[in-house]
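# Inside the fold
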Amino acid sequence: MQIMADVGGIPGKNCRGFCEYCYFKTVREAKILGCKNCPPGQIGCPHCSTDTNMTRDYFPAYQVLSTLQTDIFQRNIPQDTMVNITGDGDISCYPDLLNLTRGIKDMGLPMHLGYTSGKGIDDANIVDTLINHGVVETTYTTFSTDPALRKRWMHDPTPEASVEALKRFCESCDVHAASIIIPGVNDGEELARTCENLESWGAKALILMRFANTRNQGLILSEKPIIPGIEQQSIE
Ligand code: SF4
């Protein structure tokens, strides 16, 4: 069983700037689309109504811990429950991450770092501390294990440290890597190289996500293409 620890945050603002391919980059208005967490007969809930409103900043660690404790008390959760630390910004950029993981460690619960890009990691040694605090799983947005591609497409200011951190996570806990695939950028031989690296480091999986640049390719959050200029390109 998993329980969420939502740290809040705003895509782009709390990720050290937008990745080139971020679906939130062109969002200018709040849209409530509904999700699997909505109660029956209702479109919109605390989970999905905050994903696209682009207004809530990070919550401080004490607030996240307090909400978590209340949730745990009310739900009488089993002992092997995993805390999924997640948010709309990037977990690796969350300034209170070490305080939060230390607090959850004190509750005796293991942790999953949900969908982090690693863009907030300037020193890979933080991985050792997070593992010591009880992080046993992460979903890590990889894009590519080539630092130059991460710098160009994710605007990762310290891509070497992020790739080193990914490697250390792979060696010390369960990693599900994830990549949005952009044709001609991180597919083909580049993707094969990333897969080889991830496999040799011990990653459990690589989730490949199809890039939707226009509405007919599945884009739902805005009318505008995410990356102008490649809308005519075949994205199959
Ligand atoms: S890290 Fe994720 S949420 Fe932030 S800009 Fe990149 S794709 Fe968007």
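Residues numbered from 1 in each chain as written. Predicted model: local features only at pLDDT ≥ 70, side-chain atom pairs only at ≥ 80, totals over all residues. Heavy atoms only, no water.

Turning next to the overall build of the chain. Counting secondary structure elements, the chain contains 7 helices and 6 strands. Starting at the N terminus and walking to the C terminus, you meet the elements of the chain as β-α-α-β-α-β-α-β-α-α-β-α-β. The globule rule puts the C-alpha radius of gyration for 236 residues at 18 Å, and the 18 Å found for the chain is close to it. Principal axes of the C-alpha set define a box for the chain whose edges measure 55 × 45 × 25 Å. Burial analysis of the chain (236 residues in total) assigns 49% to the buried set. Across the chain, the fraction of contacts at a sequence separation of at least 24, relative to all contacts at a separation of at least 6, is 76%. Just so you have it, the chain exposes about 11700 Å², and 52% of that area is on carbon and sulfur atoms. Distance between charge centroids for the chain: 4 Å, based on 21 positive and 29 negative side chains. (Helix = DSSP H or I, 4+ residues; strand = E, 2+ residues; numbered from the N terminus. Rg over C-alpha atoms; globule rule 2.2 N^0.38 Å. Buried < 20%, exposed > 50% of the residue type's maximum accessible area, 1.4 Å probe, protein only. Contact = heavy atoms within 4.5 Å. Areas by Shrake-Rupley, 256 points an atom, 1.4 Å probe, with all protein chains shown as cover. Lys, Arg positive; Asp, Glu negative; His and termini not counted. Charge placed at Lys NZ, Arg CZ, Asp CG, Glu CD.)

Here we take up the pattern of salt bridges. Between side chains of opposite charge, a pair can form when the charged atoms approach closely. Inspection of the entire model under this criterion finds 10 salt bridges. Between D156 and R150 there is a salt bridge, with its nearest N and O atoms 2.9 Å apart. Comparing D156 with R150, the two get one shared label, buried. Here R193 makes a salt bridge to E190, at a shortest N to O gap of 3.0 Å. With R193 and E190 both in helix α7 (residues 188–201) and 3 residues apart, this pair spans about one turn of that helix. The exposure class assigned to R193 is partly exposed, which follows from its relative accessible area of 44%. Overlapping salt bridges, with partners in common, bring together D128, E164 and R168 in one network. (Salt bridge = Lys/Arg side-chain N within 4 Å of Asp/Glu carboxyl O.)

The local shell around the ligand consists of P11, G12, C15, G17, F18, C19, C22, D90 and S117. Along the lines of polarity and charge, the residues of the shell around the ligand split into 5 nonpolar, 3 polar and 1 charged. (Near = heavy atom within 4 Å. Nonpolar A, V, L, I, M, F, W, Y, C, P; charged D, E, K, R; others polar.)

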